[in-house]
Amino acid sequence: MHTLGVPFLLFWLIWGHSCALGGKVNKHKPWIEASYHGVITENMDTVLLDPPLVALDKDAPVPYAGEICAFKINGDDAPFEAVVLNRTSGEGVLRASSPVDCESQKEYTFIIQAYDCGAGPSGANWKKSHKAVVHIQVDDVNEFSPIFRESLYKASITEGKIYDSILQVEAWDQDCSPQYSQICNYEIVTAGTPFAIDRNGNIRNTERLSYDKQQSYKIMVTAFDCGQKRAKEDVVVHIEVKPVCKPGWQGWNKRVDYEPGTGSKQLFPKMHLETCGGPLSGVKAMVELQTNHIGKGCDRETYSEKSLQKLCGAASGSTDLLPAPSPSTNWTAALLTDSGRDSDLIYRFDGRQAANVPDHVVPQNLTDQFTIATWMKHGPSPGLRAEKETLLCSSDKTEMNRHHYSLYVHNCRLVFLLRRDFTQLDTFRPAEFHWKLEQICDKEWHYYVINVEFPAVTLFVDGVTYEPYLVTDDWPIHASKIDTQLTVGACWQGGEVATPRFTQYFRGSLSGLTIRPGRIETQKVISCLQACKEGLDINSLESLAKDIKFHFNPAQSVLVVEGEDVDSINTAMTKVSYINSRQFPTPGLRRLHITTTVQCFGEDTCLSIPDIKAVVMVLPPSEPRITIAGSNRLVRPASDLRGPLGVAPFKELHITSTVMKGDGFGGPRRPGVMEVMHNLDYCDVLVIGEELNPDRESLEIQHSALLGKHLDATNSTSGISIYGVDSMAHYEQALRQVRYRNWRPANLSERRFRLTCSELNGRYTSNEFNLEVSVLHHSAPVEHANHMAVQPQYMRPVHHPLMMHSLNSHMSGSAPPAATVVIVVCIAALVVIVVIGVYRIHATHQEGSREDEDEVKDAEEEWDNSALTITVNPMENIGGPQALGDEVRQEEHEEEEEEEEEELVGGVTSVESENSNEEEDDDEGREAAKERKQKGKLGWDSSSITY
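Residues numbered from 1 in each chain as written. Predicted model: local features only at pLDDT ≥ 70, side-chain atom pairs only at ≥ 80, totals over all residues. Heavy atoms only, no water.

Here is the rule we go by: UniProt positions are given in the numbering used here, feature names are shortened, and annotations may be inferred rather than shown by experiment.
The protein carries the name Calsyntenin-2 in an unreviewed UniProt entry, which gives Pundamilia nyererei as its organism. Among the UniProt annotations of the protein, the heading Sequence similarities (unreviewed entry) holds the following wording: "Belongs to the calsyntenin family."

Some words on the overall build of the protein
Threshold: Strands here mean DSSP runs of E at least two residues long; helices mean DSSP runs of H or I at least four residues long; both are numbered from the N terminus. Any pair of residues with heavy atoms lying within 4.5 Å of one another is described as a contacting pair. Calculation of accessible area relied on Shrake-Rupley with a 1.4 Å probe; when residues are assessed, cover is drawn exclusively from the protein chains displayed.
Along the protein, the regular secondary structure elements total eleven helices and 56 strands. The long-range fraction of contacts in the protein, counting pairs at least 24 apart against all pairs at least 6 apart in sequence, stands at 72%. When the accessible surface of the protein is totalled, it reaches about 49,100 Å², and 51% of it is carbon and sulfur.

Comments concerning the nonpolar core
This is how it is decided: The set of buried Ala, Val, Leu, Ile, Met, Phe, Trp, Tyr and Cys residues whose side-chain atoms join them within 4.5 Å is what this entry labels a nonpolar core. The buried label goes to any residue with under 20% of its type's maximum accessible area, the exposed label to any with over 50%, and the partly exposed label to all in between, with areas taken from a 1.4 Å probe on protein chains only.
Core analysis: the largest hydrophobic core is formed by 53 residues, its most contacted members being Phe650, Ile655, Leu735 and Leu755. In this structure Phe650 touches Val685, Leu735, Arg736, Val738, Phe753, Leu755, Phe769 and Leu771, once residues within four positions along its chain are discounted. Grouped together as the second largest cluster of nonpolar side chains are 40 residues, Ala355, Val357, Phe433 and Phe454 included.

With respect to the pattern of salt bridges
As a reminder of what qualifies: Throughout this description, the term salt bridge denotes a Lys or Arg side-chain nitrogen within 4 Å of a carboxyl oxygen of Asp or Glu.
Applying the stated criterion across every chain, the model contains 19 salt bridges. Glu301 is the partner of Arg582 in a salt bridge, and the nearest nitrogen-oxygen pair spans 3.5 Å. Taken together, the residues Arg582 in the loop between β42 (576–580) and β43 (588–599) and Glu301 in the loop between β21 (282–290) and α3 (305–311) connect sequence positions 281 residues apart. Here Arg582 matches Glu301 in class, with each residue buried. Across the pair Asp474 and Arg419 runs a salt bridge whose closest N-O atoms are separated by 3.5 Å. Taken together, the positions of Asp474 in strand β34 (residues 470–474) and Arg419 in the loop between β29 (413–418) and β30 (429–436) put the pair 55 residues apart, joining distant regions of the chain. The partly exposed category is assigned to Asp474, whose relative accessible area is 28%. A network of salt bridges, in which partner residues are shared, links Asp299, Glu301, Glu534, Arg582 and Arg590.

A word on the pairing of strand β56 (residues 769–776)
Where we set the bar: At least two DSSP bridges between two strands are needed for those strands to be called paired.
Buried residues dominate β56, accounting for seven of its eight residues. In the sheet, strand β46 (residues 633–637) pairs with β56 via five bridges, with the strands oriented parallel. Its bridge partner lying in β56, Leu634 is registered against Val773. Judged from the six bridges that link them, strand β54 (residues 750–759) and β56 form a sheet pairing that is antiparallel. What sits directly across from Phe753, in β56, is Leu771.

Re helix α5 (residues 566–574)
Definition in use: Here a polar contact is taken to be a pair of N or O atoms separated by no more than 3.5 Å, where protein atoms must pair a possible hydrogen donor with a possible acceptor and residues adjacent in sequence count only if both atoms sit in side chains.
Among the nine residues in α5, seven count as buried, and that is most of the element. Regarding α5, the residues found buried are Val566, Ser568, Ile569, Asn570, Ala572, Met573 and Thr574. Where α5 begins, the side chain of Asp565 points an oxygen toward the backbone nitrogen of Asp567, at a separation of 3.1 Å.

Overview of the environment of Ala285
Structurally, Ala285 can be placed in strand β21. Look at Ala285 and you get buried, because its relative accessible area is 0%. Apart from the residues within four sequence positions on either side, Ala285 is in contact with Trp249, Leu559, Val560, Val561, Met573, Thr595 and Thr596.

Brief notes about the state of the cysteines
Heads up, the condition is: We call a pair of cysteine sulfur atoms a disulfide when they lie within 2.5 Å.
By the definition in use, this model includes nine disulfides. Note that Cys245 is cross-linked by a disulfide to Cys276, the S-S spacing being 1.9 Å. The S-S bond linking Cys245 to Cys276 shows a torsion near -115°; that makes this disulfide left-handed. A residue pair is termed long-range when its members are at least 10 positions apart, and Cys245 in the loop between β16 (235–242) and β17 (248–250) and Cys276 in the loop between β20 (272–274) and β21 qualify at 31 residues. Assessed through its relative accessible area of 32%, Cys276 is described here as partly exposed.

Regarding the sheet that holds strand β41 (residues 558–563)
Applicable threshold: Each axis is a line fitted through C-alpha atoms, and for a helix only the stretch in contact is used; angles between axes span 0 to 180 degrees, taken between their N-to-C directions.
Taken in spatial order, the six strands make up an open sheet running β18-β44-β43-β21-β41-β40, and their pairing is mixed. The open sheet is flanked by β18 (255–258) and β40 (549–552), the only strands paired with a single partner. Averaged over all pairs of adjacent strands, the angle between their axes in this sheet comes to 20°, without regard to strand direction. Where β40 lies against β41, four bridges are found, and the strand directions are antiparallel. Counterpart to Lys549 in the pairing with β41 is Glu562.

Things to note about unusual backbone geometry
Each neighbour pair has its own omega, and for Asp50 with Pro51 the value is -5°, a cis peptide bond. For Pro51, the location among the structural elements is in the loop between β2 (48–50) and β3 (68–74). Put simply, Phe454 and Pro455 share a cis peptide bond, and its omega is 10°. Among the structural elements, Pro455 can be located in the loop between β31 (445–453) and β32 (456–461). Here the phi dihedral of Cys412 falls at roughly 60°; this positive angle occurs in a residue that is not glycine. Along the polypeptide, Cys412 turns up in the loop between β28 (403–410) and β29.

Quick word on the sheet that holds strand β14 (residues 202–205)
What the three strands build is an open sheet, ordered β10-β14-β13; its pairing is antiparallel. Bordering the open sheet on either side are β10 (167–168) and β13 (195–197), each of which pairs with just one other strand. Of the pairings in the sheet, the one linking β13 to β14 comprises three bridges and is antiparallel in character. When the sheet's bridge partners are listed, Phe195 is paired in β14 with Asn205.

Observations concerning the confidence of the model for the protein
Rules: A score from 0 to 100, pLDDT tells how confident the predictor is in each residue.
In the predicted model, the protein carries a mean pLDDT of 79, and 78% of its residues have values of at least 70. Per-residue pLDDT stays below 50 along residues 779–816; that stretch engages in 60 contacts with residues further than four places along the chain or on separate chains. Below pLDDT 50 for its whole length, residues 846–947 participates in 155 contacts with residues either more than four positions away or in separate chains.

Thoughts on the packing of aromatic side chains
Defined as follows: Ring pairs shown here join Phe, Tyr and Trp side chains whose ring centres sit within 6.5 Å, with only the six-membered ring taken for Trp; geometry is labelled stacked below 30 degrees between planes, edge-to-face above 60, and tilted in between. In this scheme, the term charge over a ring applies when either NZ of a lysine or CZ of an arginine sits within 6 Å of the ring centre and within 35 degrees of the ring normal.
Under the criterion given, the structure shown has 15 aromatic pairs. Ring centres 4.9 Å apart and planes at 40° place the aromatic pair Trp375 and Tyr447 in the tilted group. Remark: Tyr447 occurs in strand β31 and Trp375 occurs in strand β26 (residues 369–377); sequence separation between them is 72 residues. For Trp375, a relative accessible area of 3% translates into the label buried. The exposure class assigned to Tyr447 is buried, which follows from its relative accessible area of 1%. Ring plane angle 80° and centroid distance 6.2 Å describe the contact between Phe550 and Phe552, whose orientation is recorded as edge-to-face. Phe550 sits in the partly exposed class, given a relative accessible area of 33%. Here a set of aromatic residues connected by ring pairs shows up, and it is made of Phe80, Tyr108 and Phe110. Seen from the ring of Tyr115, Lys72 lies directly overhead, with NZ or CZ sitting 4.8 Å from the centre.

Section: the pairing of β32
In terms of burial, β32 is a largely internal element, five of the six residues being buried. Connecting the antiparallel pair β31 and β32 is a turn made up of two residues. The antiparallel hairpin formed by β32 and strand β33 (residues 464–466) contains two residues in its connecting segment, where Asp462 sits at a positive phi of about 55°.

Written out as structure tokens, the structure reads:
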């Protein structure tokens, strides 16, 4: 409260003195302070003023003139009003006339004046005070929550670093006062994160982050103002962890699936080289396809050695010394085979196995030109002192221990020994040829070919020529009458020891060991025999930059790409592809290895690029189902078998192959059957039952039938084998030309054959197709029973049974009624005969239309039918009840045989007969009756038949 001072008391003393003297009414104007300061809280109406609002008037205590009637505010925009509380004491109050908002206006300044009540009740002659300045401050209320300026914050950091500030979040408040409008604190709401935030909103990491552990973080942050009011909504902060820039290849997949038959497939379509911004002068990348675990070093054709040589155009006459075990090639039966190699025939020698090749298989004269070829996988020999390991050895069978020629490995050196026989020139000659190569002991498959043009000997390893580093001479071997023994996997020591035995055993794996006398192999054939069917490739060579250089190794398993520009290298690497040209490749993994060298300006190497290891997964191919179809039974007269060409048992043969395929893209895969075309490598025709007798029969194929095809054939008493890699169509044509002859078929009723075909050396085999060739023998002439009309010898007597109930009904009657019945029955039987005859004529003509024009026709089949006459004696069966009954039974038996013969004729014309084994057995039971009755194929002309 304001205290009245001495001047105020003096004012009242003088004013009271003047009134006593009788002065004028309302002489003085009111008095107020010169200025006021006030405070008002927003949304409230009371203003606290300092000093309080009080007006004084010297005219007091004169009524009206000394009283205060009003306070007036000058300023229309000031939302305040002043109200007089006591007219006598002049006290008043200042309050808001409308809501006051601090956010709209924090302060107000206006003028206020006090007014007295004038000279009387009417308020006339009022006076007003001087103008006082009023300054009002609006106090804030914390009515608003903090708000973040961004709805989402993002930042990225590099792994392994500690940051003072990764990013700063910022919030603001709409309140007007510093106390409530300022943000005093931030807080991370998400628990368990490696981040912290300060009161200014700076986020930092509290530990070193790892890209491999976590690539990104999402945290929630809130804010508080100084009044501790929390933000209405938290904000999301995304922090991405980036790996430390490491030079290397990026954007490649560790596994690439390859579907057979799809051609070339890109291995790294999105791969690029990250160099971390360093300037480079050159990049060299080497891509290696590792296929050592597939077959013999890579995916090659797994046909037999003979078929491969025929396919590659090799000269004939080679001898396979390691064939598949069979009755005719049984010397390999005791050797160990390496199974699970996709029908690839591999023999494994562990130092204890060897095989003597039979004398009839061994070439007797190698001449001065010959070739030895084999696949070999060999590792270092155990022990400090390695012994000789013999692959092939020709030595004395008895008495002595001379080696005539041999191929062996000794201390990782390949040695070929050739001791020539003694001639008139008794001089030293080249005898041992040595090669020292890494391939001999690297435990990998390699193809070795030794071409001998004596005295020169050349070695090919995987198609590359190597000359011997050492050639030693020796004396020729003196002629002797001692037989030699050819051995595989060791050397035979038959002399100079108490017990003949094998020695110098081989340790390793061999496949396709052959020897060809009289000729050497050409480079082209050698390359074909060892060629890989899978490898690396580059698509769209024309799209590569001019500065790109690339080259392959001969097997296309290694590709080197060089360039000066990183972008050009990236483009070239995206073109690198894998290709497998086999229709049925070996499924499984193929490893990929990429090594990279980077050169910088003025330096040899400046960046270390990590190697890449990936795999190509070759998916299993759809397995083909090879089907052989045709007529299972062939009936031919004996004269056809005696002909110069015999008969063609497989004339109606068809070979097809189908695979199961899915027929939907993008939807569920539904299996379906699709016919495919592929090659075959052999078809075997085996004789079922007794073997062929060369004195009276043969199964053969003319050489002309194989011309123009990659086919060859061998035959024996057990059958015929056609081999070579060729199409199914060519095999069909060749099999249809197989001929069976029998120039003495009198005692032959049938011959059975079984046909099977193979693809990829037995990896896929066909069904067993069984065929029976039945022989028809001519019947002897038959006389008619009534001696009235003798039928020609090519005709058979026709009898039909009488109805048994007719016999019984006339047993006691007279002859004429019985004769009448017989006549009626015979007439009906005659009609049946005509119908059957017409049917047989039709069936016979159909069969004749399908016969081959090139087959020899029997002269007995061509007969004149211009005057065919069928005579029936209706009275023939009248001979009493007993005789009639006997003849009826006989005719019933012959009728059954007649029906069986008709069935036989129908069976001859069947093209797609699928008789079961049971039906074939039944046919065998009836064969004897058919042979007696069947005379040959009849060629009737129905137009000349008379009755």
